[in-house]
Amino acid sequence: MFFVFWNLFEFCIIYFFFVETKGRTLEELDEVFEAPNPRKASTAKLRIGGKWDEEGNEKVKIVE
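Residues numbered from 1 in each chain as written. Predicted model: local features only at pLDDT ≥ 70, side-chain atom pairs only at ≥ 80, totals over all residues. Heavy atoms only, no water.

Focus: the overall build of the chain
Next up, step 1: Looking only at helices and strands, one finds three helices and two strands in the chain.
Next up, step 2: By residue count, 6% of the 64 residues in the chain fall in the buried class.
Next up, step 3: Restricting to contacts in the chain with at least 6 residues of sequence separation, those with at least 24 account for 2%.
Next up, step 4: By element, 63% of the accessible surface of the chain is carried by carbon and sulfur atoms, the whole surface being about 6000 Å². (Helix = DSSP H or I, 4+ residues; strand = E, 2+ residues; numbered from the N terminus. Buried < 20%, exposed > 50% of the residue type's maximum accessible area, 1.4 Å probe, protein only. Contact = heavy atoms within 4.5 Å. Areas by Shrake-Rupley, 256 points an atom, 1.4 Å probe, with all protein chains shown as cover.)

Put into structure tokens, the structure is as follows:
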């Protein structure tokens, strides 16, 4: 029984405090882990790019 409760406790800690990395590129993960609050940054909206303006800067579209 002790191990059942211990596993439930660990699950709650992992669920609420670990950073989400699924479905992100290495560049996006770099931004997440350099943020002041990585947990909050990992749950923020994903940025989708792919279009550039005349100066070569990437235009970014925010997905909700």
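Overview of the confidence of the model for the chain
In regions of low pLDDT, the predicted coordinates are not meant to be interpreted in detail.
Next up, step 1: Across the chain, pLDDT averages 77, with 69% of residues at or above 70.
Next up, step 2: Element-level mean pLDDT values for the chain span from 55 in strand β2 (residues 58–62) up to 93 in helix α1 (residues 2–17). (pLDDT = per-residue confidence, 0-100.)

A closer look at a nonpolar patch on the surface
Next up, step 1: Where nonpolar side chains cluster on the molecular surface, the patch consists of F2, F3, W6, F9, F11, I13, I14, Y15, F16, F17 and F18 and spans about 1300 Å² of accessible area.
Next up, step 2: Tracing the backbone shows I13 in helix α1.
Next up, step 3: The exposure class assigned to I13 is partly exposed, which follows from its relative accessible area of 33%. (Patch = residues over 30% accessible without salt bridge, like charges linked within 9 Å, V, L, I, M, F, W, Y side chains within 5 Å. Salt bridge = Lys/Arg side-chain N within 4 Å of Asp/Glu carboxyl O.)

Details of the packing of aromatic side chains
Next up, step 1: For the coordinates displayed, the defined rule picks out five aromatic pairs.
Next up, step 2: Look at F11 and Y15: their rings are 6.0 Å apart centre to centre, the planes differ by 25 degrees, and that puts the pair in the stacked class. One end of the pair, F11, and the other, Y15, are both in helix α1, four residues apart, so they sit about a helical turn from each other.
Next up, step 3: You can call F11 exposed: its relative accessible area is 53%.
Next up, step 4: Residue class for Y15 comes out exposed when judged on its relative accessible area of 53%.
Next up, step 5: Here Y15 and F16 contribute two aromatic rings whose centre-to-centre distance is 5.0 Å and whose plane-to-plane angle is 90 degrees, an arrangement assigned as edge-to-face. (Phe/Tyr/Trp six-rings, centres within 6.5 Å; stacked < 30°, edge-to-face > 60°.)

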